[in-house]
Amino acid sequence: MATVPGATGWLRGRVKAVPSGDCLVIVGNSKAELPPEKTVTLSSIIAPRLARRGGIDEPFAWESREYLRKLCIGKEVAFKTDYTVASIGREFCSVFLGDKNVAFLVVSEGWAKTPGASEAAIRNLPPSAIGDSSNFDAMGLLAANKGSPMQGIVEQSPSMGRRGVEPIPEPEVTTDNTNGEASAEGRPALTSAQRLLASTSSSAEVSPDPFGREAKHFTEIRVLNREVRIVLEGVDKFNNLIGSVYYPDGETAKDLALELVENGLAKYVEWSANMMEDEAKRRLKSAELQAKKDRLRMWTNYVPPVTNSKAIRDQNFTGKVVEVVSGDCIIVADDSLPYGSPSAERRVNLSSIRSPKIGNPRRDEKPAPYAREAREFLRTRLIGRQVNVSMEYSRKVGMADGPNPTPVAGSADSRVMDFGTVFLVSPTKGDGEESTPAPSSAVSQGVNIGELVVARGFGTVIRHRDFEERSNYYDALLAAESRAISGKKGMHSAKDPPVMHITDLLTTSAKKAKDFLPFLQRSRRMAAVVEYVLSGHRFKLLIPKETCTIAFSLSGVRCPGRDELFSDEAIALMRRKILQRDVEIEVETVDRTGTFLGSLWESKTNVAVTLLEAGLAKIQTSFGIDRITDGLLLTRAEQSAKQQKLKIWENYAEGQEPVNGSTPENSKKEVLKVVVTEVLDGGRFYVQTVSDQRVAAIQQQLAALSILEAPVIGAFNPKKGDLVLAQFSADNSWNRAMIVNGPRGAVESLKDTFEVFYIDYGNQETVPYSQLRPMDPSVSAAPGLAQLCSLAFIKVPTLEEDFGHEAAEYLSQCTLNSSKELRAMVEERDTSGGKSKGQGTGTVLIVTLVDVETSSSINAAMLQEGLARLERRKRWDTRERKSAIDNLEEHQNKAKEARLNIWQYGDVQSDEEDSAPPARKPAGRR
């Protein structure tokens, strides 16, 4: 309580409650959470008594209390104690509202004790009004008023703890009837409200719950003895009414339950919340979750449960949608990253929703009902469109699940997936037809794609546990789901889901593919959808009219192969241009493998022209160019790329062609800056290209991985050729690796061993099963960074031959041990080894290796040390190559003269052996 300046014994406070026509509850003006309060009775007056249980009001008791309540409630007053009656524990005070004596105002209006009251002014209350609900028809009141607001006045605040009910004897009081003042011996008879308060204060009491007093005060200061609006919502088994209480706060009305929960003074109760509207229920649940996060009051010591989700902060980006994986997963090309780089494409799972699984043909899993429809819904709206992405959280999920699987906390066979909200920028008419108006924070970003999916009935909203991260627009998603359910859309429809049988000609025999050729040639041009980019010029297409998928290759055009230079750029270009786009095709023929050949147009543009103009393909046909559709356009496009020396034509000279096989390179050699990562023997080694942007991108991806506990036997079964994460024994780092060999049958123990090849470094080792982990497709997508090379023009002893180990040690000393940056001049590419299947396999670059610092040739050094000899081949008989070989021969002659290593016994075997024809087999009898 605050003292009144210049006045002795006077205090200030705010009226919190009005129990009767002559009694006030005054609370101090302190900013403390529980300020002091005092119950005072107006001196020298007696107001009519309000009824207690089983009784009736004295005349004008209710009107008297209402007058005083409206006069004082919530207002600041000054008061001073005049006298105290100790026997009843009451203080009698003079109370002033401004400069007006409150008691005088009550008496002057006739609301003090007045004889001869009219019977019409007497309230006859039912027992339920005083707490006896035995004969109260709560269900009848609910049925008549459910959902309709009713006006009311709060008579009593919530209780705290448990109290026994004990009768309080009414003290004998003598009164001077002339002025209403109580004598020193007593006090006038207590009103019903005063007796109720006295009974409450003197009853046996159990300590309230923590923050119970604060909750009581919070409620009383806002609604006690004030007019409120009540909305009834239900009745419990004890005949208690359940509903919402709204109190005025300036020009607005506030929900008391929501305010209590938001301030950590109440908790969400599921059984009673189920009586409420869904929107009000969600607000209460969200308010409790936020109070828990902020650890407000009753949640001060709250410990959140362990979850498998983690918030992602400040990771927003814009880009174009490249691929729709499923109804809840898309791949977006980040505009801020270099075009074509492996890390530019980011997989985004839509936050807080789950669509039907698309299935996996490799595991013979068929799409779930509405899975194709959900993906097609997004494909037609998103492919090639600009989007804003707001990343929100990551989650560990089971590897065996689909694009948006059920979380598997603590599982070793799991991976981390990123979730976010995607907004379609500049939507066209119809794009946002199923979405509600976005929150003000999202209006500028565009249409919420997750909300579109759910509203159309192609996805459901995940019911997160309390402390799991979720979409920032979770309420909008729930509202969209409610509309879809009520509208019986998509998955919520009672109709049978649509069925579509697709014939996959990629997995059938070539004969069956040839049988389809007449059907695909009936119409000159046919509509198709590009489902997958297999290489720069080869695709998987869906033909809706024929309900089949085919392998399709551009006729007369070839891009670099998978392990060749510019292959990744060609694939990236096609993913950006045509993946999952509606295209038109003309089928000319089918080859012996079942791949259809022809031309493909996207938006009336021949895709082969796009590749040729970018320098990522060349015309390659065994018949005349005039037999190819748009042949003249293709020729012009290729000629333009040659003149600009783009990509595969960067070393082009008039009259020469680029090569991909095992033939000599152009006169202007390809030169790479490299570091050697592994030496196999004296002539073969692996390198990484210094300027390759993929190196840093993959290293960042690996560093960001969360490596989990040892895998569960049976859930993760790597096979030969699979790409995995393996822990390198030398430094315990995790690296990309290929399984080269493993145990026969299924894994039985964590100690079972696997032979792995580290595709980014070229080394190979045997590791136990416990040091292997499954690899996320986003990490495995980029090809291996280690490139196999061999030294050109020389032949080095193998490790099994004399001086083979010495040669390998010398090469390691010159390259691997010094960690020098070297220059590799590519003399040839040998693709005869096919696709890499482990160490020493795949495409080989045959190079001259030069030390950048000394400008000395390591090929020549090997010869001069007597650890190699010249190797002559007919295809090297060009003027330039002969000059290089003659120069190397001088270094070899020095080793011969000094009888070094392989020359210690003079000249070794003739070089002619390398090109000699095989010996003829002796003739035998028939």
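Residues numbered from 1 in each chain as written. Predicted model: local features only at pLDDT ≥ 70, side-chain atom pairs only at ≥ 80, totals over all residues. Heavy atoms only, no water.

- As named in an unreviewed UniProt entry, the protein is Ribonuclease, taken from Acorus calamus.
- In the Function (unreviewed entry) part of its UniProt record, the protein is described as follows: "Cytoprotective ribonuclease (RNase) required for resistance to abiotic stresses, acting as a positive regulator of mRNA decapping during stress." (UniProt positions renumbered as here; feature names shortened; annotations may be inferred.)

Considering the sheet that holds strand 9 (residues 227-235)
Then step 1. On the basis of which strands lie adjacent, the open sheet formed by four strands has the order 8-9-10-11 and antiparallel pairing. Strands with a single pairing partner mark the edges of an open sheet, and in this sheet they are strand 8 (149-153) and strand 11 (252-255). Sheet twist, expressed as the mean angle between neighbouring strand axes with direction ignored, is 40 degrees.
Then step 2. Sheet analysis places strand 9 next to strand 10 (residues 241-249), joined by six bridges and oriented antiparallel. Considered in strand 10, the bridge of Leu232 is made with Gly243.
Then step 3. Together, strand 8, strand 9 and strand 10 form the strand contacts of helix 3 (residues 138-145), whose direction differs from that of strand 9 by roughly 110 degrees. (Pairing = 2+ DSSP bridges. Helix = DSSP H or I, 4+ residues; strand = E, 2+ residues; numbered from the N terminus. Axes fitted to C-alpha atoms, helices over the stretch in contact; angles between N-to-C directions. Contact = heavy atoms within 4.5 Å.)

A look at a negative patch on the surface
Then step 1. A surface patch of like charges, here negative, comprises Glu800, Glu801, Asp802, Glu806 and Glu809.
Then step 2. Inspection of the secondary structure assignment puts Glu801 in the loop between strand 38 (794-795) and helix 18 (804-814).
Then step 3. Residue Glu801 is classed as partly exposed on the basis of its relative accessible area of 46%. (Patch = residues over 30% accessible without salt bridge, like charges linked within 9 Å, V, L, I, M, F, W, Y side chains within 5 Å. Areas by Shrake-Rupley, 256 points an atom, 1.4 Å probe, with all protein chains shown as cover. Salt bridge = Lys/Arg side-chain N within 4 Å of Asp/Glu carboxyl O. Lys, Arg positive; Asp, Glu negative; His and termini not counted. Charge placed at Lys NZ, Arg CZ, Asp CG, Glu CD. Buried < 20%, exposed > 50% of the residue type's maximum accessible area, 1.4 Å probe, protein only.)

Quick word on helix 5 (residues 212-223)
Then step 1. Compared with an ideal rise of 1.5 Å per residue, which puts twelve residues at 16 Å, helix 5 spans 17 Å between its outermost C-alpha atoms and is within 8% of the ideal.
Then step 2. Most of helix 5 sits out of view: nine of its twelve residues are buried.
Then step 3. Within the span of helix 5, buried status applies to Gly212, Glu214, Ala215, Lys216, His217, Phe218, Thr219, Glu220 and Val223.
Then step 4. Looking at the buried positions of helix 5, the neighbouring elements they touch are strand 2 (11-20), strand 3 (23-27), strand 4 (37-42), strand 9, strand 10 and helix 6 (256-262).
Then step 5. One or two steps after helix 5, the chain reaches Asn225, where phi turns positive at roughly 60 degrees. (Expected span 1.5 Å × (residues − 1).)

Observations regarding helix 15 (residues 631-644)
Then step 1. A rise of 1.5 Å per residue sets the reference length of helix 15, with its 14 residues, at 20 Å; its end C-alpha atoms lie 20 Å apart and thus fit the reference within 8%.
Then step 2. Residues of helix 15 that are buried include every one of Gly631, Leu634, Ala637, Glu638, Ala641 and Lys642, and no others. The buried residues of helix 15 all sit within an arc of 135 degrees when viewed along its axis, so they share a single face. Residues Leu632, Arg636 and Gln643 are exposed on helix 15 and point more than 90 degrees away from its buried face.
Then step 3. Contacts made by the buried residues of helix 15 are with strand 25 (557-558), helix 14 (607-613) and strand 29 (618-619).
Then step 4. Positive phi appears at Lys645, one or two residues downstream of helix 15, with a value of about 55 degrees. (Arc of directions from axis to C-beta.)

Some remarks on the pairing of strand 23 (residues 538-543)
Then step 1. A large share of strand 23 lies buried, amounting to five of its six residues.
Then step 2. Linkage of strand 22 (residues 526-533) to strand 23, two consecutive antiparallel strands, is achieved through a turn of four residues.

Section: unusual backbone geometry
Then step 1. The phi dihedral of Arg297 is positive, around 45 degrees, even though this residue is not glycine.
Then step 2. With respect to the helices and strands, Arg297 occurs in the loop between helix 8 (278-294) and strand 12 (309-311).
Then step 3. Phi is positive for Thr547, which is not a glycine, with a value near 45 degrees.
Then step 4. For Thr547, the position within the fold is in the loop between strand 23 and strand 24 (548-554).
Then step 5. Exposure remark for Thr547: the relative accessible area of 30% places this residue in the partly exposed category.

Topic: the side chain of Ser471
Then step 1. Within the secondary structure, Ser471 is located in the loop between strand 20 (460-461) and helix 11 (474-486).
Then step 2. By relative accessible area, which is 6% here, Ser471 ends up buried.
Then step 3. Within the structure, Ser471 has its side chain in polar contact with the backbone nitrogen of Tyr473 (distance 3.0 Å).
Then step 4. Setting aside residues no more than four positions away along its own chain, Ser471 makes contact with Ser351, Ser352, Glu392, Tyr393, Thr421 and Leu477. (Polar contact = N/O pair within 3.5 Å; in protein donor to acceptor, adjacent residues only side chain to side chain.)

Observations concerning the sheet that holds strand 32 (residues 723-727)
Then step 1. Strand order in the open sheet formed by five strands is 35-34-33-32-36, with antiparallel pairing between adjacent strands. Strands with a single pairing partner mark the edges of an open sheet, and in this sheet they are strand 35 (764-768) and strand 36 (772-774). Looking at each pair of strands side by side, their axes are set apart by 50 degrees on average, direction ignored.
Then step 2. Sheet topology note: the strand 33 (residues 734-741)/strand 34 (residues 753-758) ladder contains four bridges and is antiparallel.

Overview of the nonpolar core
Then step 1. Phe539, Leu541, Ile550, Phe552, Ile585, Phe596 and Leu600 are the most contacted members of the largest nonpolar core, which has 47 residues in total.
Then step 2. Of all the elements, helix 14 adds the most residues to this core, at five residues.
Then step 3. Look past the residues within four positions of Ile585 in its chain and what remains in contact with it is Arg524, Arg525, Met526, Ala528, Leu541, Ile543, Ile550, Phe552, Ser599, Leu600 and Trp601. (Core = buried A, V, L, I, M, F, W, Y, C linked by side-chain atoms within 4.5 Å.)

Some words on the confidence of the model for the protein
Then step 1. Summarising the model, the protein shows a mean pLDDT of 81, and 81% of its residues fall at 70 or more.
Then step 2. This model gives residues 164-188 a pLDDT under 50, and the stretch forms 48 contacts once residues within four places in sequence are excluded.
Then step 3. Per-residue pLDDT stays below 50 along residues 436-443; that stretch engages in seven contacts with residues further than four places along the chain or on separate chains. (pLDDT = per-residue confidence, 0-100.)

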